Amino acid sequence: MSYIISTAYAAVLLSAIFVIVRWGNVHCRGQTPVGIYTFVALLFTAGLDMGLVMLPLTEFPAYAADSAYGFTNPLAIEFGMWGPLVWMMYFLSAFYFVVLEPRLRIFEIALVKWVYNLTVIATCAFTCYLFLTALPSYIEGISMPARWAIVVAVIAASVYSSSNVSFMKWLAVTSTWMFVTLAVVALLAAAYYYSDIGISGLASNMGLLSDYFANLHRFVSPITEYHEFYLFWWFSWSIMIGQFVSMFVGGLRTWRLAVAMILLPSIPLAVWFAVLYIYFQQQIVIPAWLNWFMVTVGIIFVVNSLDSLIRLYGLNLGWTKSRLGARAYYPLHFLLQLGLVMAYQFTPFRIEWVGVIVIGIYAAIYVLILRHHVHVRAAVTEARCAAA
């Protein structure tokens, strides 16, 4: 499995670099273009979930204690798990769906279409399942009935949001601002109220992140089984997030799209992890009021992730509200997601299996691109002409 994920990850990253260098000035415009801030907000909230908000506090000690990560500091490791290389996969798939898919139509091939959308459905449910299993770490003493009640509410909210793209955009922008507010509040509390390190503590931690770039090559292949799990998880997300955000690309050249999708999301990630690292360094116990703030933002992030994926496979398969009607649309997606969450809970089904299938889809795309390279050139030429 390690060989498979390492080879696939390296191939995708090299492909992303090729696209930026070779086709950097190609014009990219989606079906429903939006402004750059809304675009990044949709990307940031769709591509992340509650783990972003809460997981680092439990992972820092694990990274510090594991000798496999001894080549750098826990903050750089955490950033590596979520950072720029991951977003390069999203960029590559977004470029494909904006520029190449309209010509190649690979995802209209029946087998590819159904296998791909089944992975979208399965990954969507896995996100909700992880949320279910992690809730006791976020809300101490929460009972199993309460956990399931929150999950049911999250799925219901996500299905509703998926049916209303205007609400989805509003929720993405709102949750992004809530995340920024959370980061500022958490920083001020850690730097001045619960310790006296001041803003210099944040600046020092930001400096620690440079070690990630010094060890960038180490993150291309699995460092441990846990890192391997992350890589398979991100692979399972990569095509679908790229397709989702490709709809909203607002007429950017390829290199600008790369900046928007790789650099811009990495900045708030870096700042947030650096803030949380203060709590780890100073051994500050998260106060109840801040924990609930984090939980609230995290839950909204889960809704943002689920609604984008539900909307995506709904559009791909024709399971939309306009086609099915509200009476069929809401129960269909709600029961489908709830049933799959229960399948993850009560069966040995694993997200790594989904990741392997997605890698297989990548392989098929590469083969078909090579076979139809004439269409690739035509697609790129059309995009260049559109930019002229």
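K.L.:
Quick question: what am I supposed to make of the pattern of salt bridges here?
P.N.:
Where charged atoms from two side chains of opposite charge approach closely, those side chains can pair. Counting across every chain of the model gives 1 salt bridge. A salt bridge links glutamate 108 to arginine 105; the nearest nitrogen and oxygen atoms lie 2.9 Å apart. A relative accessible area of 44% places arginine 105 in the partly exposed class.

K.L.:
Would you mind showing me how to read helix 8 (residues 165-193) here?
P.N.:
Residues separated by three or four positions in an α-helix point in the same direction, a consequence of the helix having 3.6 residues per turn. Here helix 8 spans 41 Å end to end across 29 residues, near enough to the 42 Å set by a 1.5 Å rise per residue. Two or three places before serine 166, at the opening of helix 8, asparagine 164 has a side-chain oxygen 3.2 Å from that residue's backbone nitrogen.

K.L.:
Help me understand empty space enclosed by the protein in this model?
P.N.:
Regions of empty space are outlined by a rolling probe, equal in size to a water molecule, passed over the atoms. Counted by the stated rule, this structure contains 1 cavity of 30 Å³ or more. Of the pockets and cavities examined, the largest cavity occupies roughly 40 Å³. As for the largest cavity, its lining consists of Tyr9, Gly80, Met81, Val86, Phe219, His227, Tyr230, Leu231 and Trp234. When residues of the lining of the largest cavity are traced back to their parent elements, those giving at least two are helix 4 (74-82) and helix 11 (225-246). By residue number, the principal contributor to the lining of the largest cavity is helix 11, which donates 4 residues. Residue composition of the lining of the largest cavity, by class: 7 nonpolar, 2 polar and no charged.

K.L.:
Quick question: what am I supposed to make of the side chain of serine 161 here?
P.N.:
With respect to the helices and strands, the residue serine 161 is situated in helix 7 (residues 144-162). In this structure the side chain of serine 161 is engaged in a polar contact, spanning 2.6 Å, whose partner is the side chain of aspartate 307. Beyond its immediate chain neighbours, meaning those up to four positions away, serine 161 contacts Phe167, Met168, Leu171 and Asp307.

K.L.:
Would you explain the packing of aromatic side chains in this entry?
P.N.:
The description of an aromatic ring pair rests on the distance of the ring centres and on the angle between the ring planes. Under the definition given, this model contains 43 aromatic pairs. Relative to tryptophan 234, the ring of tryptophan 82 has its centre 5.3 Å away and its plane inclined at 65°; by these criteria the two rings are edge-to-face. Here tryptophan 82, found in helix 4, pairs with tryptophan 234, found in helix 11; they are 152 residues apart in sequence, far enough to count as distant. Cluster of aromatic residues (ring-pair linked, three or more members): Trp82, Phe126, Tyr129, Tyr226, Phe229, Tyr230, Trp233, Trp234 and Phe273.

Basis of the calculations
Residues numbered from 1 in each chain as written. Predicted model: local features only at pLDDT ≥ 70, side-chain atom pairs only at ≥ 80, totals over all residues. Heavy atoms only, no water. Salt bridge = Lys/Arg side-chain N within 4 Å of Asp/Glu carboxyl O. Buried < 20%, exposed > 50% of the residue type's maximum accessible area, 1.4 Å probe, protein only. Helix = DSSP H or I, 4+ residues; strand = E, 2+ residues; numbered from the N terminus. Expected span 1.5 Å × (residues − 1). Polar contact = N/O pair within 3.5 Å; in protein donor to acceptor, adjacent residues only side chain to side chain. 1 Å grid on protein atoms, 1.4 Å probe; cavity = no way out; pocket = protein on both sides within 12 Å on 5 of 7 lines; lining within 4 Å. Points joined across faces, edges and corners; volume = space filled by probe spheres on them. Nonpolar A, V, L, I, M, F, W, Y, C, P; charged D, E, K, R; others polar. Contact = heavy atoms within 4.5 Å. Phe/Tyr/Trp six-rings, centres within 6.5 Å; stacked < 30°, edge-to-face > 60°.

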